[in-house]
Amino acid sequence: MAEPLPWQAAELPADAVEIGHVQEAWGVRGWVRVHGLSQSGDALLHARRWYLQPPLASRSPRARAFDAFQGTVAVAVAEARWHGDAVVAHFDGVDDRGLAERLRGARIHIARADFPPTDDPDEFYWVDLIGLSVVNREGVVLGVVEDLLPTGPHAVLCLRDGTGEQAVERLIPFVSAYVDAVDLAARRITVDWQPDY
């Protein structure tokens, strides 16, 4: 087993959000290319501390060979920037391609508090919408947001109403034509949508 990288073990913050993983080494000076989850680019560039965890065995065949570190580590981001359609980053203590390559597959978390504020009051981070109750104009509960799907021009809310075999799944475009209001404090989204759509 190779020597562990020189980072201290850390606890994930209570508000940590998984926003991507290290895709591969980038260049010869210790940079990595990041595969970000939806809407994660600005948060990756804004946060100066990332929390890394090994890849999950169920998601990656490389997980069994991962030997860079165990558990959770906090890394200081020396620099992060866009390169084409991906984010590339350089961590303190990683100065050659060999070390960067050992990080392939590491999952990246950032504290929600480190996300930059949105410029528009009608813009939301997807992570803030997960778990919100969705009701229509008549007050009928349509479900709870479980996920969002990017479809190109807009996102789609993925709802689940109920549990088990009786659960109903609904897809509602996240556009102003159907979404009347998002109230994060009340944990509710009001929509112009009927249960039988």
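Here's what I pulled together on the structure shown here. The numbers attached to residues start from 1 for each chain and follow its sequence in the written order. Per-residue local features of the predicted model are confined to residues with pLDDT of at least 70, and side-chain atom pairs are confined, for both listing and counting, to 80 or more; whole-chain, interface and lining totals are unaffected and use all residues. Only hydrogens and water are removed before side-chain values are computed, so all heavy atoms of the structure are retained for them.

**As for the nonpolar core**
Here is a general trend for soluble globular proteins: nonpolar side chains tend to be buried in one another's company. Rules: For our purposes a nonpolar core is just a set of buried Ala, Val, Leu, Ile, Met, Phe, Trp, Tyr and Cys residues, chained together by side-chain atoms within 4.5 Å. Burial classes follow relative accessibility: with a 1.4 Å probe on protein chains only, a residue under 20% of its type's maximum area counts as buried, one over 50% as exposed, and anything between as partly exposed. A run of DSSP states H or I qualifies as a helix once it reaches four residues; a run of E qualifies as a strand once it reaches two. Both are numbered from the N-terminal end. We call two residues in contact whenever any of their non-hydrogen atoms come within 4.5 Å of each other.
One finds Trp7, Trp50, Leu52, Phe69, Phe91 and Leu103 to be the most contacted residues of the largest nonpolar core, which totals 30 residues. Looking at this core, the elements with two or more residues in it are β1 (16-26), β2 (31-36), α1 (41-46), β3 (49-53), β4 (73-83), β5 (86-91) and β6 (107-111). Excluding anything up to four places from it in sequence, Trp7 contacts Leu52, Phe69, Val73, Ala74, Val75, Phe91, Asp92, Val94 and Leu103. Val145, Leu148, Ala155 and Ile189 belong to the second-largest nonpolar core, a separate cluster that totals 16 residues.

**Considerations on the sheet that holds strand β9 (residues 155-161)**
Two strands in a sheet stick together by hydrogen bonds in their backbones, pointing the same way (parallel) or opposite ways (antiparallel). As a reminder of what qualifies: Between any two strands, at least two bridges found by DSSP are needed for them to pair. In this analysis an axis means a line fitted to C-alpha atoms, helices contributing only their contacting stretch, and an angle means the value between N-to-C directions, from 0 to 180 degrees.
Taken in spatial order, the six strands line up as β10-β9-β8-β7-β12-β11 in an open sheet, and their pairing is mixed. Across the chains shown, the open sheet's two edge strands, defined by having one partner strand only, are β10 (168-173) and β11 (179-183). Along the sheet, successive strands turn relative to each other by an average axial angle of 30°, direction set aside.

**What to know about the sheet that holds β1**
What the six strands build is a closed barrel, ordered β1-β2-β5-β4-β3-β6; its pairing is antiparallel. Taking each pair of neighbouring strands and ignoring which way they run, the sheet shows an average axis angle of 45°. Relative to β6, β1 runs antiparallel, the two being bridged by five bridges. Bridging from a neighbouring strand, His21 pairs with Arg107 of β6.

**Focus: the packing of aromatic side chains**
To keep things clear, this is the line we draw: A pair of aromatic rings is counted whenever rings of Phe, Tyr or Trp (Trp by its six-membered ring) have centres within 6.5 Å, and the orientation is called stacked for planes under 30 degrees apart, edge-to-face for over 60 and tilted otherwise. By definition, being over a ring means that NZ of Lys or CZ of Arg is both within 6 Å of the ring centre and within 35 degrees of the ring normal.
Tallied over the entire structure, the rule returns six aromatic pairs. Look at Phe66 and Phe69: their rings are 5.2 Å apart centre to centre, the planes differ by 90°, and that puts the pair in the edge-to-face class. Seen in terms of ring centroids, Trp193 and Tyr197 are 5.2 Å apart; in terms of plane orientation they differ by 70°. Their pairing is edge-to-face. Joined through ring pairs, the aromatic side chains of Tyr178, Trp193 and Tyr197 make up one cluster. When the ring centre of Trp31 is taken as origin, the NZ or CZ atom of Arg81, which lies over that ring, is 4.5 Å away.

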